[in-house]
Amino acid sequence: MLQIYNTLSKQKEPFKPLIDGHINMYVCGITVYDYCHIGHARVMVCFDVITRYLRARGWNVKYVRNITDVDDKIIKRANENNESVDALTERMIAAMHEDEDALAVLRPDIEPRATGHIGDIIAMTQVLIDKGYAYAAENGDVYYRVEKFENYGRLTNKNVDELRSGARVEVTDAKESPLDFVLWKAAKEGEVSWESPWGAGRPGWHIECSAMSKCTLGDTFDIHGGGPDLPFPHHENEIAQSEAANGCKFANTWMHAGPVRVNSEKMSKSLGNFFTIRDVLASYNAEVVRFFLARVHYRTYIDYSEDSLKEAQVMLSRFYQALASVEAVDEPLENDYDKRFFAAMDDDFNTPKAFAVLFDLVNELNTYAREDKVTAGRLAAQLKRLGGILGLLQQSADSFLQGDDKEGEITSTEIESQIELRAQAKANKDYAEADRIRQALLEQGVVLKDSREGTTWYREDS
């Protein structure tokens, strides 16, 4: 049985969806004011692997991931760029999709935007006012009464009394309590806004997800996920809003991806260790980056460094070198690799254990490649199938191992030309020249592999 660690209960629990055979999952998405960074990539890949696995296990998954396309940061960046909010967000959404496609991240089934649900946000805010959980302040903002909601803070073990004593409030603050948070923000002059019963304004961040999840998945759904920075206050506030408005449990299981650190330090622009997905993909194969992100358990932190990416590159190359040695044959094969792989993933999506299974499979594949090409071909097909569940090993081995031509490197055309010259030298029994060509290519990072079928090659840094 699938076991998932629930952030709410702080333990692994047997997973049982609300409707047999169906899983409804909502994951908090990106605020689109800038290019996505490697921390965003971690969350994207984590929940992509989870979705792919749940579907491989036979469930019908409805995956919703929102886009926040109106926000203080967005308005500030649009003003700095002297462009409209719409122009900025459309450009950043397109860039986000390009990054996802490069990392083989499947699009969610539904990708709602906050600006597409303004009416739903206003309606939920009005329900909260009617029930006494929210109030319109004199400054035109609408706030949520945190202390009216019982058990506020249970997701992150926050105590309301401690939160109150640690909170600071400005003298001019319109809130009844420093703990209260905004549901609707009164518009400032020149800002994008919508009309509401409380005047022109725009949504607060937290209410967006409560409204969008309700509209796409209903009042209660199976899994709510997000990044490491979201449990407090964002997800605590979502729970308070949704359960007060809807009168029922919000989400059954809460899942959160771990953070990304850079050389063991927190990633931040102020430390100069901030990397966009595009920065990373300019230097590394996209599948290597995906492998790097997927092989660490989704709940643990991941350390981004040149060494860790190079290690991922070597490990993934080992898979593709094994696949390059034989032709995959999709025929049944009796072994325990499928069982062990699914057992690992059923244990809270334990990708480190799953990859250990795949490495065992590679070792056996390499052994049979020297003795029994038929069995090796069947093992290769099994490796590709299980790797595919993780969104890996789906390109041709030659394509991965040879890589794209990069500035300053010997080109693919030049390599093929040298291989042809070497073949002519060998045909003329000029073995010294053949060895010279092999060594010259090796010094440029190109490894040749000879077989009865001919000579293949790959780059050492692929």
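Throughout this description, residue numbers start from 1 for each chain and increase along the sequence as written. Whole-chain, interface and lining totals are the exception, using all residues; otherwise, since this is a predicted model, local features are given only for residues with pLDDT of at least 70 and side-chain atom pairs are given and counted only at 80 or more. In computing side-chain properties, one takes all heavy atoms of the structure into account and sets aside hydrogens as well as water.

In the annotation of an unreviewed UniProt entry, the protein is listed under the name Cysteine--tRNA ligase and assigned to Neptunomonas marina. UniProt positions are given in the numbering used here, feature names are shortened, and annotations may be inferred rather than shown by experiment. Looking at the protein in UniProt, the text filed under Catalytic activity (unreviewed entry) is "tRNA(Cys) + L-cysteine + ATP = L-cysteinyl-tRNA(Cys) + AMP + diphosphate".

Asker: Sorry if this is basic, but what is going on with the packing of helix α12 (residues 351–371) against helix α13 (residues 373–389) here?
Answerer: Relative placement of two packed helices is described by the angle separating their axes and the distance separating the axes. Contact pair α12 / α13: the axes reach a minimum separation of 7 Å and the direction vectors enclose 155°. When the axis of α12 is compared with that of α13, the two are roughly antiparallel. The crossing of α12 and α13 is left-handed. For the pair α12 and α13, contact is made by Leu358, Leu361, Val362, Glu364, Leu365, Tyr368, Ala369 and Glu371 and by Lys373, Thr375, Ala376, Leu379, Ala380, Gln382, Leu383, Leu386 and Gly387, respectively. In this analysis an axis means a line fitted to C-alpha atoms, helices contributing only their contacting stretch, and an angle means the value between N-to-C directions, from 0 to 180 degrees. Helix and strand definitions here come from DSSP, where helices need a minimum of 4 consecutive H or I residues and strands a minimum of 2 consecutive E residues; each element is numbered from the N-terminal end. Our angle categories are set so that under 35 degrees counts as roughly parallel, over 145 as roughly antiparallel, 65 to 115 as roughly perpendicular, and the remainder as oblique. Here is the rule for handedness: rotate from the far helix to the near one, and if that takes an anticlockwise turn smaller than a right angle the crossing is left-handed, while a clockwise turn gives right-handed. We call two residues in contact when some of their heavy atoms are within 4.5 Å.

Asker: What is the right way to read the sheet that holds strand β10 (residues 251–256) from this model?
Answerer: The pairing criterion is simple: DSSP has to find at least two bridges between the two strands. Spatially, β4-β3-β9-β10 is the arrangement adopted by the four strands of the open sheet, whose pairing is parallel. Here the strands that pair on one side only, and so sit at the sheet edges, are β4 (60–65) and β10. The sheet shows a mean angle of 20° between the axes of neighbouring strands, direction not considered. Relative to β10, strand β9 (residues 221–226) runs parallel, the two sharing five bridges. Considered in β10, the bridge of Ile223 is made with Thr253. Packing of helix α6 (residues 205–217) onto the sheet brings it into contact with β3 (22–27), β4 and β9, and relative to β3 it is tilted by some 160°.

Asker: Where do I start with the domain arrangement of the protein in this structure?
Answerer: Interface size, as often reported, equals the accessible area lost upon joining of the parts. Domain extents, as shown, originate in an automatic or database domain assignment. Taken as a whole, the protein is organised into domain 1 (19–260), domain 2 (305–401) and domain 3 (404–459). On the domain 2 side, the residues contacting the nine residues of domain 1 number nine residues. Between domain 1 and domain 2, the buried area comes to about 830 Å², and carbon and sulfur atoms account for 72% of it. A 1.4 Å probe defines the accessible area here, and the buried area is the portion of it lost by two parts on being joined, summed over both. Ranking the residues of domain 1 by area buried against domain 2 places Val49, Arg52 and Tyr53 at the top, with a combined share of 61%. Any carboxyl oxygen of Asp or Glu within 4 Å of a side-chain nitrogen of Lys or Arg constitutes a salt bridge here. Viewed at the interface, domain 2 and domain 1 are joined by one salt bridge. Here Asp346 makes a salt bridge to Arg57, at a shortest N to O gap of 2.7 Å. With six residues, the single largest contributor to the side of domain 1 that touches domain 2 is helix α1 (residues 38–56). Considering only residue class, the side of domain 1 that touches domain 2 consists of seven nonpolar, no polar and two charged. In this count, Pro and Cys sit with the nonpolar residues alongside Ala, Val, Leu, Ile, Met, Phe, Trp and Tyr, while Asp, Glu, Lys and Arg are called charged and the others, Gly among them, polar.

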